[in-house]
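# Coordinates in review
Spelled out, the chains give:
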Amino acid sequence: MPSLTTALTGLTGVRHPIVQTGMGWVAGPRLVSATAEAGALGILASATMSAGQLRAAVREVASRTDRPFGVNLRADAGDAGERVRIIIEEGVRVASFALAPSRELIARLKDAGVVVIPTVGARRHAEKVAAWGADAVVVQGSEGGGHTGDVATTVLLPQVVDAVDIPVVAAGGFHDGRGLVAALAFGAAGVAMGTRFLLTSDSTVPAAVKARYLAASVQDVTVTRKVDGLPHRMLRTDLVAALERSGRPAALLRAVRHAAAFRKQAGTGWARMVRDGLAMKHGGELTWSQVLLAANTPMMLRAALVEGRTDAGVMASGQVAGLIGDLPSCAELVGRIMAEAVATLDRLGPGGPD
């Protein structure tokens, strides 16, 4: 299989400049280990796990592969320090963050030899974590699935590349080798993909749910604030349409019910959930209603991505879902992307494009 050496591969020890993102309920041991074995960087999603479940999941990945992998953390979680300790003790190579980690967390990880790669959606956030010592940064444009901003990858990426002197990984809208080459041309050190890895045979998402993704067009992917009060990109479904029509009282009642369910699922006490809510409110300048609505996200995602209940759950999705039509293994996907990337670079070589 052809390979490309970049600052990302050198930093993390993986063979290919491709990252599988830490998608809640999706990026478990099976997908992460398959990604790692394919030579890319698999990221284990920990936000939907208890600390004990995280340690068990890390050990399961390590039992399946001896290649580097990472763990994604919520920087504002009340037990973030405990989770960092698990990462260090278990010898995890990379720690990624959905929100900017504190200077102290970055220093603690780096002192233990862990590579720190936060995900950001704005240039100023990239500048902040770079100044605090982050080793690299993932930059997600508005095309990406899940919580997203409003600046397209093609505009955001060059801004960040020009603003920081650490490796930048591009996310939002990538699924093939042409996209990888485009990201490299912008100055990125690789690409990160969520939806494309969700739609592989190694993903544990139920087959019927994968079929819904494969059937979607670009126009079937939308952004709503009705799940948790923040912009969230997902497939447009009857449930999403109903949520858009629902009023605030119904949304808050649903959030209370989901908060109780998530507390039980993740083994989180009410006191810790309140502390996490305070951290979210302070860090994101959210209203209390938005903090409460945030309980909707993990449980509504779980309903679809774990239980297969598309009538009761939501399906986070990048716009790129409309371009995906198959379910390769991670090995097949990574091999295909790298072959296409090298062929594209060859075509754009001294002779220029055909």
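Before reading further, recall that the structure is shown in the block above.
For the structure given in this document, a descriptive report is provided here.

## A look at the overall build of the chain
When helices and strands are tallied, the chain shows 16 helices and 11 strands. Out of the 354 residues in the chain, the part that is buried amounts to 54%. For the chain, long-range pairs separated by at least 24 residues make up 62% of all intrachain contacts whose partners lie at least 6 apart in sequence.

## Comments concerning the layout of surface pockets
Of the pockets and cavities examined, the second largest pocket occupies roughly 280 Å³. Trp25, Val26, Gly28, Pro29 and Met49 are, among the 17 residues lining the second largest pocket, the residues nearest its centre. The element that contributes the greatest number of residues to the lining of the second largest pocket is helix H2 (residues 29-37), accounting for three residues. Along the lines of polarity and charge, the residues of the lining of the second largest pocket split into nine nonpolar, six polar and two charged.

## Here's the deal with the packing of aromatic side chains
Under the defined criterion, the tally for this structure stands at zero aromatic pairs. The ring of Trp25 has Arg302 sitting right over it, with the charged end atom 5.3 Å from the ring centre.

## So, the sheet that holds strand E7 (residues 146-147)
Picture the strands of a sheet paired through backbone hydrogen bonds; they go either parallel or antiparallel. Overall, antiparallel pairing links the three strands, which are arranged E7-E11-E10 in an open sheet. Strands at the two margins of the open sheet, each flanked by one partner only, are E7 and strand E10 (221-224). Bridge count for E10 against strand E11 (residues 232-235) is four bridges, and the pairing is antiparallel. When the bridges of E11 are listed, Thr222 appears paired with Met234. Along the sheet, helix H11 (residues 238-245) contacts E10 and E11; its crossing angle with E10, the most-contacted strand, is approximately 25°.

## Comments concerning the environment of Gly121
For Gly121, the position within the fold is in the loop between strand E5 (115-120) and helix H6 (123-131). Along the backbone, Gly121 and Ser142 are 21 residues apart, and their C-alpha atoms lie at a distance of 8.2 Å. Look past the residues within four positions of Gly121 in its chain and what remains in contact with it is Gln140 and Leu156.

Cut-off values and rules
Residues numbered from 1 in each chain as written. Predicted model: local features only at pLDDT ≥ 70, side-chain atom pairs only at ≥ 80, totals over all residues. Heavy atoms only, no water. Helix = DSSP H or I, 4+ residues; strand = E, 2+ residues; numbered from the N terminus. Buried < 20%, exposed > 50% of the residue type's maximum accessible area, 1.4 Å probe, protein only. Contact = heavy atoms within 4.5 Å. 1 Å grid on protein atoms, 1.4 Å probe; cavity = no way out; pocket = protein on both sides within 12 Å on 5 of 7 lines; lining within 4 Å. Points joined across faces, edges and corners; volume = space filled by probe spheres on them. Nonpolar A, V, L, I, M, F, W, Y, C, P; charged D, E, K, R; others polar. Phe/Tyr/Trp six-rings, centres within 6.5 Å; stacked < 30°, edge-to-face > 60°. Lys NZ or Arg CZ within 6 Å of the ring centre and 35° of its normal. Pairing = 2+ DSSP bridges. Axes fitted to C-alpha atoms, helices over the stretch in contact; angles between N-to-C directions.

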